[in-house]
Amino acid sequence: MTPKDIASRMDGLISHTSPGREEAFLPSPMIQNHAAFLHMFADGALACTWFGGTLEGKSDISVFASVLPKGASQWGSPQRLSFDTARSEQNPVFFAAPDGRLWLFHTSQPSGNQDECRIRMAEIFRGGPDVTTLTAAEGRYLDLPQGCFVRAPLVIRDDGAWLLPIFRCIQRPNQKWNGSHDTAAVGLSLDGGETWTLEDVDQSTGCVHMSPVEIDDGSFAALFRRRQADFVYRTQSNDGGRTWSAPQATDVPNNNSSIAAIRLLDGRLAMVCNPISAAQSADRRASLYDELGENDARPDADPTGGCVPVWGVPRAPVALCLSSDGGRTFPDRILIEDGPGTCLSNNSTDGRNKEMSYPWLLEGMDGALHLAYTYHRRAIKYVRLAPGWDRADARRLL
């Protein structure tokens, strides 16, 4: 589809595209829409939040959200939830705190300088004209160092502490950020989000988008996107998230693009991602923000002591990978959608971008699977797979 074709379908209407599968393109007033995140309310309504504007890194990028009431056939109107006109506000995450309050966490950066990013936290309220209305309080920045980024939701430790998965974009003096020294960390709050400390994950250079999931024995496993575009990596905590092992490669390829993981009701881990690596494609681009067109004479960060990040590997197919061993291996892989995945440009208007990326997933109490992902940088696509989606006669193996 062309960008114009996609835009014509961005009405939020849910269509039945095949037995057991429903789809919709979420409504948005913005040209570029990216980085979807899903949250389910107690009444069964589904919320999707993402960032939108003209181009990632531009100061007009803001956080948006839409709500699908339980049983409804159309997503509600998009609502803007962040309002800083000087910074690019990205990677929104919803978190339902133990006291019932709903929080939005998102990144906020000047231009493409991820090493100058800060994390913002704002309370979200639902209600008003109808159940699809969301509003955000003014919010505040977390007291964490510059360069901290988020993509996955918080988990609660056994002592009530909040654990916020973070990746650190480390500043290199007089050099531009390019991902070469990114590492994993955990933000820790012992007072309900009022104050924060930062704990690094050892030997995690290149590991970002940490996605922690509780596994059978009460421990946590966490899966990572990799700047080196080789494999999804995994770490484990056997003490409730207090310490983490050195990340190790799984058997799933990674293209230096986002992943998401959850634990299913039956105990398996489900990860949605683009299972392709740099070894499988020669496509490359200079950096994530090479189209911003802003004057910056600084050289790219020297990878010495870090890693050599790889950008431009295709962002497709979208696949659901299933694990029965706590995320160590994912032998069962189900195709959600395929395409060229071309991402050598972030442009959302000229049709060059064909990526299907940055997916998120949730499982409903009825066993249905809900997914959302970027479609050609133009729209957020929603897919619902009916209960029984993992039957052999109801799936396409990758």
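You'll find the structure just up there.
Here's a quick rundown of the structure. (Residues numbered from 1 in each chain as written. Predicted model: local features only at pLDDT ≥ 70, side-chain atom pairs only at ≥ 80, totals over all residues. Heavy atoms only, no water.)

### Digging into the overall build of the protein
Logical step 1: Counting secondary structure elements, the protein contains one helix and 27 strands.
Logical step 2: Rg of the C-alpha trace for the protein: 19 Å, near the compact-globule value of 21 Å for 398 residues, within the 12% margin.
Logical step 3: In terms of its C-alpha atoms, the protein occupies a principal-axis envelope of roughly 55 × 50 × 45 Å.
Logical step 4: Within the protein, the proportion of its 398 residues that are buried is 61%.
Logical step 5: Counting every atom, the protein has about 15,100 Å² of accessible surface; 50% of that belongs to carbon and sulfur. (Helix = DSSP H or I, 4+ residues; strand = E, 2+ residues; numbered from the N terminus. Rg over C-alpha atoms; globule rule 2.2 N^0.38 Å. Buried < 20%, exposed > 50% of the residue type's maximum accessible area, 1.4 Å probe, protein only. Areas by Shrake-Rupley, 256 points an atom, 1.4 Å probe, with all protein chains shown as cover.)

### Things to note about the sheet that holds strand 18 (residues 220-226)
Logical step 1: Judged by pairing direction, the sheet is antiparallel, and its four strands sit side by side in the order 17-18-19-20 without closing on themselves. Where the open sheet ends on each side, the last strands, each with one partner, are strand 17 (207-214) and strand 20 (248-253). Strand-to-strand, the axes of this sheet are offset by a mean angle of 30 degrees, without reference to chain direction.
Logical step 2: Bridging between strand 18 and strand 19 (residues 231-237) involves five bridges; their strand directions are antiparallel. Among the inter-strand pairings, Phe-224 is bridged to a residue of strand 19, identified as Tyr-233. (Pairing = 2+ DSSP bridges. Axes fitted to C-alpha atoms, helices over the stretch in contact; angles between N-to-C directions.)

### Examining the nonpolar core
Logical step 1: One finds Cys-48, Trp-75, Phe-94 and Leu-320 to be the most contacted residues of the largest nonpolar core, which totals 55 residues.
Logical step 2: Sequence-distant contacts of Phe-94, defined by excluding residues within four places in its chain, comprise Phe-37, His-39, Ala-47, Thr-49, Ala-65, Leu-81, Leu-102, Trp-103, Leu-104, Ile-124, Leu-134 and Pro-153.
Logical step 3: Trp-103, Leu-142, Ala-185 and Trp-196 belong to the second-largest nonpolar core, a separate cluster that totals 16 residues. (Core = buried A, V, L, I, M, F, W, Y, C linked by side-chain atoms within 4.5 Å. Contact = heavy atoms within 4.5 Å.)

### What about unusual backbone geometry?
Logical step 1: Cis geometry is adopted by the peptide bond preceding Pro-317, which originates at Ala-316 and carries an omega value of 0 degrees.
Logical step 2: Topologically, Pro-317 is positioned in the loop between strand 22 (269-273) and strand 23 (318-323).
Logical step 3: The phi dihedral of Asn-174 falls on the positive side, at around 65 degrees, and the residue is not glycine.

### Quick notes on the environment of Trp-311
Logical step 1: Its location among the elements puts Trp-311 in the loop between strand 22 and strand 23.
Logical step 2: Taking C-alpha positions, Trp-311 is 6.7 Å from Ala-286, a pair spaced 25 residues apart along the chain.
Logical step 3: When near neighbours in sequence (up to four residues on either side) are disregarded, Trp-311 contacts Trp-177, Asn-178, Arg-225, Arg-227, Asn-256, Asp-283, Arg-284, Arg-285, Ala-286, Ser-287 and Leu-288.

### Quick word on the sheet that holds strand 27 (residues 379-385)
As a general point, the strands of a sheet are linked pairwise by backbone hydrogen bonds and lie either parallel or antiparallel.
Logical step 1: Strand order in this open sheet of five strands is 1-2-27-26-25, and the pairing throughout is antiparallel. A single partner strand is all that each edge strand has here, and the edge strands are strand 1 (15-18) and strand 25 (356-363). Averaged over all neighbouring strand pairs, the angle between strand axes comes to 25 degrees, with direction disregarded.
Logical step 2: Bridging between strand 2 (residues 21-25) and strand 27 involves five bridges; their strand directions are antiparallel. Paired with Glu-23 across the two strands is Val-383, which belongs to strand 27.

### Quick look at the pairing of strand 18
Logical step 1: Summarising burial for strand 18: seven of the seven residues are buried, a large majority.
Logical step 2: Burial along strand 18 is two-sided: Phe-220, Ala-222, Phe-224 and Arg-226 and Ala-221, Leu-223 and Arg-225, pointing in opposite directions, are all buried.
Logical step 3: Where strand 17 and strand 18 come together, six bridges link them in antiparallel fashion. Bridge assignment links Val-208 to a residue of strand 18, and that residue is Arg-225.
Logical step 4: In this antiparallel pair of consecutive strands, strand 18 and strand 19, the connection spans four residues, and Ala-229 shows a positive phi of 55 degrees.

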